[in-house]
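Descriptive structure summary
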Amino acid sequence: MKVLFIGGTGNISTASSCLAVEKGIELWHINRGKSVCGVHGVRTITCDVTNSAALETALAPHKWDCVVNWIAFNAKDVERDIALFSGKTKHYIYISSGSCYDLPQHSPVITENTPLGNPYWQYSRDKIAGEQALMRAHIEKGFPGTIVRPSHTYSTIIPIPLGGGNKYNAVNRMKLGKPTVVHGDGTSLWVVTHAEDFALGLVGLLNLEAAIGEAVHITSDEVLTWNQIYRHVGAALGLEPNLIHVASDTICALEPSYTGTLLGDKSHSVMFDNSKIRSLVPSFVPIIPFSEGIRTTIEWFEASSKRQHIDPDTDILLDKLAAIACT
């Protein structure tokens, strides 16, 4: 199988690259050459995907069994790929987002038929527009597209919304014994998925005819409260964090940039029904509990001081929120 990843060296995609190579897939990456691919056996095409002419020239000699775009964010990106890969690939996978689901629903259990829509987050609305463009091309032109929706997948990020991500603020504050701010009361339910578990599903979908024309999410089956998630982060550091709680509305009023990720996503309770990915890829069995996965993530950050980015503005915000919680 000859597969192209557009992207392929990120937080989610690196594990899928590793697994694909391990399974004997001829894997190619296309990227700008700014990220070093540490996956032995991957072949690289260096090109800026936003440069249409250069991209068409670079890809002209190739045909693919499957193309996966990890860095398509809107309808324009997808439409460019449809034009570029029509007749050049047997299968195309668009990496969308679990944040596209319209929350809250009557039930916290999410299936692929849960309605889409996110009035709080432009990122999610753009991803939905990309999905719609892909499905139009499939229905009208037979373009062999599949939509994949990850939800809060981690390997080289700290999967918490306040001082996490690629920032080390929350971890550093835990180490210093400072209060750790949790949105809401910390009891809402959430799912975090290790990238190696996600890879089991994604790689199983490559060039899978039964997946064409379908949308599928790939997540862990483990459901945790946010209090548990933060405490697992603390346990990975060998400590018990001092959790304090601030309403999501209050956080977003103080810092509107959190509106999408909190009010549009992480302030709601969710559980994902993974029946569909299991029906398509019976070997998909997520096995990495967060208590173990976060330890490897912390070890990755701790291995290099360059990875431990402390953003001063985020610390100022967290101090303000801590003061609010204590009044």
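Scroll up to find the structure this text is about.
If you're wondering where the values come from, they're calculated on a predicted model, not measured in any experiment. (Residues numbered from 1 in each chain as written. Predicted model: local features only at pLDDT ≥ 70, side-chain atom pairs only at ≥ 80, totals over all residues. Heavy atoms only, no water.)

As a further point, take the environment of H29. By secondary structure assignment, the location of H29 is in strand β2 (residues 26-31). Take H29: its relative accessible area is 0%, and that puts it in the buried class. When the C-alpha atoms of H29 and V148 are compared, they prove to be 19 Å apart, with 119 residues separating the residues in sequence. A distance of 2.9 Å separates the side chain of H29 from the side chain of S17, its partner in a polar contact. (Helix = DSSP H or I, 4+ residues; strand = E, 2+ residues; numbered from the N terminus. Buried < 20%, exposed > 50% of the residue type's maximum accessible area, 1.4 Å probe, protein only. Polar contact = N/O pair within 3.5 Å; in protein donor to acceptor, adjacent residues only side chain to side chain.)

I160, Y230 and F290 are the most contacted members of the largest nonpolar core, which totals 41 residues. Sequence-distant contacts of F290, defined by excluding residues within four places in its chain, comprise Y154, P159, V192, E222, L224, I229, H232 and V233. If you look at the next biggest cluster of nonpolar residues, it comprises 29 residues, including C66, I95, V148 and L206. (Core = buried A, V, L, I, M, F, W, Y, C linked by side-chain atoms within 4.5 Å. Contact = heavy atoms within 4.5 Å.)

Restricting attention to buried positions, one finds in helix α5 (residues 169-176) the residues N169, A170, V171, R173 and M174. Of the surrounding elements, those touching the buried residues of α5 are β9 (180-183), α7 (226-236), α11 (290-302) and α12 (312-325). Looking one or two residues past α5, G177 carries a phi angle of roughly 80°, positive in sign.

Okay, the pattern of salt bridges next. Scanning the model with the defined rule gives 14 salt bridges in all. Residue E79 pairs with R136 through a salt bridge whose shortest N-O separation is 3.9 Å. Taken together, the residues E79 in helix α3 (residues 75-85) and R136 in helix α4 (residues 122-141) connect sequence positions 57 residues apart. With its nearest N and O atoms 3.2 Å apart, the salt bridge here joins R80 to D81. Just as R80 is buried, D81 falls in that class too. One salt-bridge network, in which partners are shared between bridges, spans D77, R80 and D81. (Salt bridge = Lys/Arg side-chain N within 4 Å of Asp/Glu carboxyl O.)

Moving on, we come to the packing of α7 against α11. With their axes 9 Å apart at the nearest point, α7 and α11 run at an angle of 50° to one another. Between α7 and α11, the crossing angle belongs to the class labelled oblique. When the axes of α7 and α11 are compared, the crossing they make is right-handed. Note on element contacts: α11 touches α7 through F290, S291, I294, R295 and I298, opposite I229, H232, V233, A235 and A236. Here the contact of α7 with α11 is built from residues that sort into seven nonpolar, two polar and one charged. (Axes fitted to C-alpha atoms, helices over the stretch in contact; angles between N-to-C directions. Parallel < 35°, antiparallel > 145°, perpendicular 65-115°, else oblique. Left-handed = near helix turned anticlockwise from the far one by under 90°. Nonpolar A, V, L, I, M, F, W, Y, C, P; charged D, E, K, R; others polar.)

This part covers the side chain of K266. You can see K266 is positioned in helix α9 (residues 259-266). If near-sequence neighbours (up to four positions away) are discounted, K266 is found in contact with W121, H152, P161, H183, S188, W190, W226 and T261.

Our next topic: the pairing of strand β1 (residues 2-6). Of all the five residues making up β1, five are buried; the element is thus mostly covered by neighbouring parts of the structure. With burial as the criterion, each face of β1 is covered, one bearing K2, L4 and I6 and the other bearing V3 and F5. As paired elements, β1 and β2 share five bridges and run parallel to each other. Bridged to L4 within β2 is W28. Between the parallel pair β1 and β2, the chain is carried across by helix α1 (residues 13-22), and the sense of this crossover is right-handed. (Pairing = 2+ DSSP bridges. Right-handed = clockwise from strand over helix to strand, strands pointing away.)

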